[in-house]
Amino acid sequence: MKETTRKKVIKWFWIILIAPFALVFLLLLLVGIFAKIPSFDELEHPESKLATQVIADGGEVLATFHIENRTYVSYDELSPNLVNAAVATEDARFYKHSGIDMKGLARVFFKTLLLHDSSQGGGSTITQQLAKTLYPRREVKSKIPGWSKVVMVGIKLKEWITAVKLERDYTKDEIMDMYLNSIFFGSSAYGVKAASETFFAKDPDQLTVEEAATLIGMVNKPTRYNPALNPERSLERRNFVIGQMAKNGFITNAERDSIQKIPITLTYQVQDHNAGRAPYFRDMLRRDMNADKPSRADYLYPEEYAADSLRWVNDPIYGWLKKNKKSDGTPYNLDSDGLRIYTTINYKMQQYAEEAVAEHLGQNLQKAFNNELQWKRNKPFANDVDQKTVSLLMNQARKWSDRYRMKKKAGMSESEILAQFSKPEKMRIFSWNKQGYVDTLMTPDDSIRYYKGILRAGFVAMEPGTGYVKAYVGGPNYRYFKYDNCRQGKRQVGSTVKPFLYTFALQEGLAPCDQAVCAPQTFVMFDGSTWTPRSTDKKDDIGRIVTLKWGLAHSSNNISAFLMKELGPEGMVNMMHQMGVTAHVDPVYSICVGAAEVEVYNMVSAYNTFPSGGTYIYPQYVSRIEDADGKVLAEFSTQRREAISFRLASTMIEMMKGVVNNGTGSRLRSVYQLKGEIAGKTGTTNDNSDGWFIGYTPFITAGVWVGGEDRQVHFNSLALGGGSNMALPIWGIWMKKCLADPSVGFSEEESFAAPADGIISMNCDNNGLFLGGYGDDYVDGDYPGEENEEDYYFN
């Protein structure tokens, strides 16, 4: 070979060898000069959407508000199995390169591109994948042929530069942590914490080798290798990851062979807004934090507008998102700012409340109601409901449905839309079975009737002395019934209103042992007509002299009417407001037997005044709010005011203990075998439309309402439809569960605080008069006073 030829060969050899690297260097230089590379501050705070965590009082995460269900965890909170699986599968040289793996790129070039051997994997390092995830590629649209590929080269080079910057300013552990927090795992799970909770109901540091391998196997194809959707593919991919872990020395071959035989076992629960603990509470929290400043035009009654206006001023959580801004002046976003909202909800109390509602409604009450439904002519409505009312209720339900609104928006006529409601179609409906649903074929009209026949419930528990909301259940199942029966709706309160009347009576100078004749009372109305509350007492009791203590324990309408005639309605309404009822209450005679409509939440907060020593304590359900970095943005404290005297509250406690000990609430003793001090009141409204029980102990106040969506849907008999059968069992089941769990902290040994001047005696000297008291000779199902509980307030 001639010298000149040899020099040319050598020259071109070096050109060919160096040119690609020179080209890459030039392109990197140009990208660095002209392209926008993320700054270090942007690397610290990428534009990822962080889920807001709603946290129970013990630190447990109830659930999240999110667009992307993503919650960051630190490297210390990651299982080593996760890290090892990621390195073995995605970047075996992770700890040896500086962001770009030249050996890996060479391998891809020769084996993957030239030899078409795809088993060698891609050339992107974990750091490059992180750069790509933090700053997703935007779609390139151009009419110039090939331009999108040119742009893609620039984007790829930007990712390389970002990867190098990440490697220069973060440790390998920090990069791995950011990487695992940034991955989308499918099933609405963004980041490894959400994925661990979604697929295995675990925190990331608890994952086993096989569980970690399952998740890492989903990294690049989260749908194809989703174990819930494609279990066979997922198993194959998981075992490949386990093989890679053995190949790279993270586990032994013997461990590999053993672990690969383990089947994939999931605890699968998609973390959407329907899932998680306390969904009705979270919905209420969102509504309150997003509330606008009250406007008079939005309120029917001035006192309700006044109450919310005062709340806007005095309750910092009400409208918090509207009242507070971030440092840059923009509003906070619950779905993407990664806030941490620490609530007063107790995780166990909440769990037991949800279980109690499901047990009583699903296993007992709904079955009894379904048995009655089969004999109703126009189910689920009662037989005495006229067709005009049924048509009105059905038409309202159609127009409130998503189906109607969507068809209307699509331009369909009224007749066309209504015709659709009569055509059978496949649908999934709620059921109290193990799955929680049934797939069936029915018309939309039939589905409306079906859902109206499902009994609803509301349950709220608050702590005396603090007002902390400890449990909150707004319905039977949030996925299918979004309406919150604790705060969105008001229902007639029945006899649960009577303690306010008796409190007013005692404040006016009457005493528990004062006597009255148990007889019907007639009121002359403003128009000259008369009204007599229907007597609900036993025939043998009519005409007898009884004590006020007896009247409350046995929910006597006659004694309530006697007190109303003596005292008048205005004073009772004032007492209700004084004790915390914010709803509008008409000052009419019928409120003595329960015609007022009040929220469950509001009734429980008012009742909480009794065990709180006569002090009304505004309900509190958030203790503090932090931002994504843990900085405290707001802290909240209890607000209170004196409502009644301590002695008056103590006297009412003693009287209301009689309801449980030998009155309409005695099932708590006989059926649920609850010991200790309990006071409370049952309530039932006309036609058994509403069943109530609100009870309290020295350590908790809790209230339950049960009924149909419409008042026209109800039990036929008081035996099934009374508050002692519809609502009280939920209270009893919940209390038993709480008492059985030492971590809840309830004790039947606790007693109500006594006045400083001594214990209040309820031992009325009867002097031969019938002053109350039933023996212990009642058997299950035959409870004193239950037959006279219903509160009829119309002739």
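Residues numbered from 1 in each chain as written. Predicted model: local features only at pLDDT ≥ 70, side-chain atom pairs only at ≥ 80, totals over all residues. Heavy atoms only, no water.

(A) The arrangement of the sheet that holds strand E21 (residues 690-696) in detail. In spatial order, the strands read E9-E8-E22-E21-E20; together these 5 strands make up an open sheet with antiparallel pairing. Each edge of the sheet is formed by a strand with only one pairing partner; in this case those strands are strand E9 (469-473) and strand E20 (679-684). Put simply, the sheet's adjacent strands are angled 5 degrees from each other on average, direction ignored. Across 4 bridges, the pairing between strand E8 (residues 456-462) and E9 is antiparallel. The residue of E9 that forms the bridge with Met-462 is Val-469. Its contacts with the sheet place helix H29 (residues 728-740) against E8, E20, E21 and strand E22 (701-707), and it is angled at close to 140 degrees to E22. (Pairing = 2+ DSSP bridges. Helix = DSSP H or I, 4+ residues; strand = E, 2+ residues; numbered from the N terminus. Axes fitted to C-alpha atoms, helices over the stretch in contact; angles between N-to-C directions. Contact = heavy atoms within 4.5 Å.)

(B) Seen up close, the pairing of strand E1 (residues 52-55). Along E1, one buried face is formed by Thr-52 and Val-54 and the opposite face, lined by Gln-53 and Ile-55, is buried too. Connecting E1 to the antiparallel partner strand E2 (residues 61-65) that follows it, the hairpin turn spans 5 residues, and Gly-59 within it adopts a positive phi of roughly 95 degrees. Alignment of E1 against strand E5 (residues 340-343), held across 3 bridges, turns out to be parallel. In the sheet register, Gln-53 faces E5, and the bridge partner there is Arg-340. (Buried < 20%, exposed > 50% of the residue type's maximum accessible area, 1.4 Å probe, protein only.)

(C) Inspection of the packing of helix H20 (residues 498-507) against helix H23 (residues 569-578) at higher detail. Packing of H20 against H23 brings their axes to within 9 Å, and their N-to-C directions diverge by 105 degrees. Taken together, the axis directions place H20 and H23 in an arrangement best described as roughly perpendicular. When H20 is examined against H23, the residues Phe-500, Leu-501, Thr-503, Phe-504 and Gln-507 are found in contact with a partner set consisting of Gly-571, Met-572, Met-575, Met-576 and Gln-578. Of the residues that constitute the contact of H20 with H23, the class distribution is 6 nonpolar, 4 polar and no charged. (Parallel < 35°, antiparallel > 145°, perpendicular 65-115°, else oblique. Nonpolar A, V, L, I, M, F, W, Y, C, P; charged D, E, K, R; others polar.)

(D) Structural view of empty space enclosed by the protein. With the rule as written, the count across this model stands at 2 cavities of 30 Å³ or more. Taken as a whole, the largest cavity holds about 60 Å³ of empty space. Along the walls of the largest cavity sit Lys-675, Gly-676, Glu-677, Ile-678, Thr-697, Pro-698, Phe-699, Met-735, Leu-739, Ser-747, Glu-748 and Glu-750, which together make up its complete lining. A per-class count over the lining of the largest cavity returns 5 nonpolar, 3 polar and 4 charged. Considered as a void within the structure, the second largest cavity measures approximately 30 Å³ in volume. If you trace the second largest cavity, you find it lined by Gln-53, Val-61, Thr-64, Asn-69, Thr-71, Lys-193, Ala-194 and Glu-197. Looking at the lining of the second largest cavity, the elements with two or more residues in it are E2 and helix H8 (192-200). Tallying contributions element by element places H8 first for the lining of the second largest cavity, with 3 residues. Its residues assigned to classes, the lining of the second largest cavity comprises 2 nonpolar, 4 polar and 2 charged. (1 Å grid on protein atoms, 1.4 Å probe; cavity = no way out; pocket = protein on both sides within 12 Å on 5 of 7 lines; lining within 4 Å. Points joined across faces, edges and corners; volume = space filled by probe spheres on them.)

(E) Representation of a negative patch on the surface within the structure. Residues Asp-76, Glu-77, Asp-173, Glu-174 and Asp-205 make up a contiguous surface patch of negative charge. Along the chain, Glu-174 falls in helix H7 (residues 172-182). Using a relative accessible area of 39% as the deciding quantity, one classes Glu-174 as partly exposed. (Patch = residues over 30% accessible without salt bridge, like charges linked within 9 Å, V, L, I, M, F, W, Y side chains within 5 Å. Areas by Shrake-Rupley, 256 points an atom, 1.4 Å probe, with all protein chains shown as cover. Salt bridge = Lys/Arg side-chain N within 4 Å of Asp/Glu carboxyl O. Lys, Arg positive; Asp, Glu negative; His and termini not counted. Charge placed at Lys NZ, Arg CZ, Asp CG, Glu CD.)

(F) Seen up close, the nonpolar core. In this structure, Met-289, Trp-320, Tyr-472, Phe-500 and Tyr-621 are the most contacted members of the largest nonpolar core, which totals 92 residues. Considering every element that reaches this core, the biggest residue donor is helix H25 (residues 646-662), with 7 residues. Dropping the residues within four chain positions of it, Tyr-621 is found in contact with Phe-281, Met-284, Leu-285, Asp-288, Arg-311, Ile-317, Thr-343, Thr-344, Val-469, Arg-487 and Tyr-601. Grouped together as the second largest cluster of nonpolar side chains are 50 residues, Met-349, Phe-459, Phe-699 and Met-735 included. (Core = buried A, V, L, I, M, F, W, Y, C linked by side-chain atoms within 4.5 Å.)

(G) How the structure looks around the state of the cysteines. By the definition in use, this model includes 1 disulfide. Disulfide pairing is shown between Cys-513 and Cys-764; the S-S distance is 1.8 Å. Its torsion about the S-S bond being -80 degrees, the disulfide of Cys-513 and Cys-764 is classed as left-handed. Of this pair, Cys-513 sits in the loop between H20 and strand E11 (515-517) while Cys-764 sits in the segment after H29, and the two are 251 residues apart along the sequence. The exposure class of Cys-513 is partly exposed, given its relative accessible area of 28%. (Disulfide = S-S within 2.5 Å.)

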